Amino acid sequence: MTKEELMREAIRLSDENVGKGGGPFGAVIARDGEIVATGVNMVTSSCDPTAHAEVNAIRAACQALGTFDLSGCEIYSSCEPCPMCLSAIYWAHLDKLYYGNDKNDAACIGFDDAFIYKELELKPEDRVLKSERLLADEALKAFMHWKDSPDKVEY
């Protein structure tokens, strides 16, 4: 399939999902022009705020390919990914991102992520979501265990 055909599939999934009561977001993960997996927004139907189209597609692709590393694959999203999904795309090592609508289009229909980007620029103590470091010395033990483990699988 061409990149345009793959994007049209992501857009089709997003529109179809609206008809099923879901959010207007769809994603396709492909390798060498072939669809590996798809995902749609299932936040409300699954009662899971992380069930965005891109995250669902990444989860499905990893299961289909039996790996947590999606190098060699591309993602086609009906909309520019939110900060969470963009981070997941980086963590999954996808080679390229294509998107249709952008974050401004999303903001116009009530999906505005600008506040998250602004929050990330602030020191943790200045964010709306207050945070406090607690038991750092105890928490560090697990990190040292990982660092010294000869059996770890790096990712």
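Worth saying up front: this structure is predicted, and the values here are computed from it rather than measured. (Residues numbered from 1 in each chain as written. Predicted model: local features only at pLDDT ≥ 70, side-chain atom pairs only at ≥ 80, totals over all residues. Heavy atoms only, no water.)

**Q** Could you give an account of the layout of surface pockets, with specific residues and numbers?
**A** Roughly 420 Å³ of volume is contained in the largest pocket. Considering the residues around the largest pocket, the lining is formed by 25 residues, among which F25, H52, C82, F111 and D113 are closest to the centre. Contributing elements (two or more residues each) for the lining of the largest pocket: α2 (43–46), α3 (53–65), α5 (103–108) and α6 (114–121). Top element by residues in the lining of the largest pocket is α5. It accounts for four residues. (1 Å grid on protein atoms, 1.4 Å probe; cavity = no way out; pocket = protein on both sides within 12 Å on 5 of 7 lines; lining within 4 Å. Points joined across faces, edges and corners; volume = space filled by probe spheres on them. Helix = DSSP H or I, 4+ residues; strand = E, 2+ residues; numbered from the N terminus.)

**Q** Which residues make up the environment of D102, and what values do they have?
**A** When you line up the elements, D102 lands in the loop between β4 (96–101) and α5. Using a relative accessible area of 25% as the deciding quantity, one classes D102 as partly exposed. When the C-alpha atoms of D102 and S78 are compared, they prove to be 8.8 Å apart, with 24 residues separating the residues in sequence. Not counting the four nearest positions on each side in its chain, D102 is found in contact with C79 and E80. Only 3.0 Å separates the side chain of D102 from the backbone nitrogen of N104, close enough to count as a polar contact. At a separation of 2.9 Å, a polar atom in the side chain of D102 contacts the main-chain amide nitrogen of D105. (Buried < 20%, exposed > 50% of the residue type's maximum accessible area, 1.4 Å probe, protein only. Contact = heavy atoms within 4.5 Å. Polar contact = N/O pair within 3.5 Å; in protein donor to acceptor, adjacent residues only side chain to side chain.)

**Q** Outline the sheet that holds strand β1 (residues 26–31), listing residues and values.
**A** On the basis of which strands lie adjacent, the open sheet formed by four strands has the order β2-β1-β3-β4 and mixed pairing. The open sheet has two free edges, formed respectively by β2 (34–40) and β4, since each of these has just one partner strand. Pairs of neighbouring strands in the sheet enclose a mean axial angle of 15°, with direction left out of account. One ladder, built from four bridges, connects β1 with strand β3 (residues 74–79); its direction is antiparallel. Bridge assignment links A27 to a residue of β3, and that residue is S77. Of the strands in this sheet, β1, β2, β3 and β4 are in contact with helix α1 (residues 3–19), which crosses β1 at around 150°. Along the sheet, α3 makes contact with β1, β2 and β3, crossing β2 at roughly 140°. (Pairing = 2+ DSSP bridges. Axes fitted to C-alpha atoms, helices over the stretch in contact; angles between N-to-C directions.)

**Q** Account for the pairing of β1, naming residues and giving values.
**A** Among the six residues of β1, five are classified as buried, and the element is accordingly described as predominantly covered. The sheet contact formed by β1 and β2 spans six bridges and is antiparallel. Bridge pairing links G26 to V40 in β2.

**Q** Just give me the short version of unusual backbone geometry, but keep the residues and values in it.
**A** One non-glycine residue, H93, lies in positive phi territory at about 65°. Note that H93 resides in the loop between α4 (83–91) and β4.

**Q** Please set out the environment of G23 residue by residue, giving values where relevant.
**A** Tracing the chain through its elements places G23 in the loop between α1 and β1. Remark: the alpha-carbon pair of G23 and H52, spanning 29 residues in sequence, is separated by 8.7 Å.

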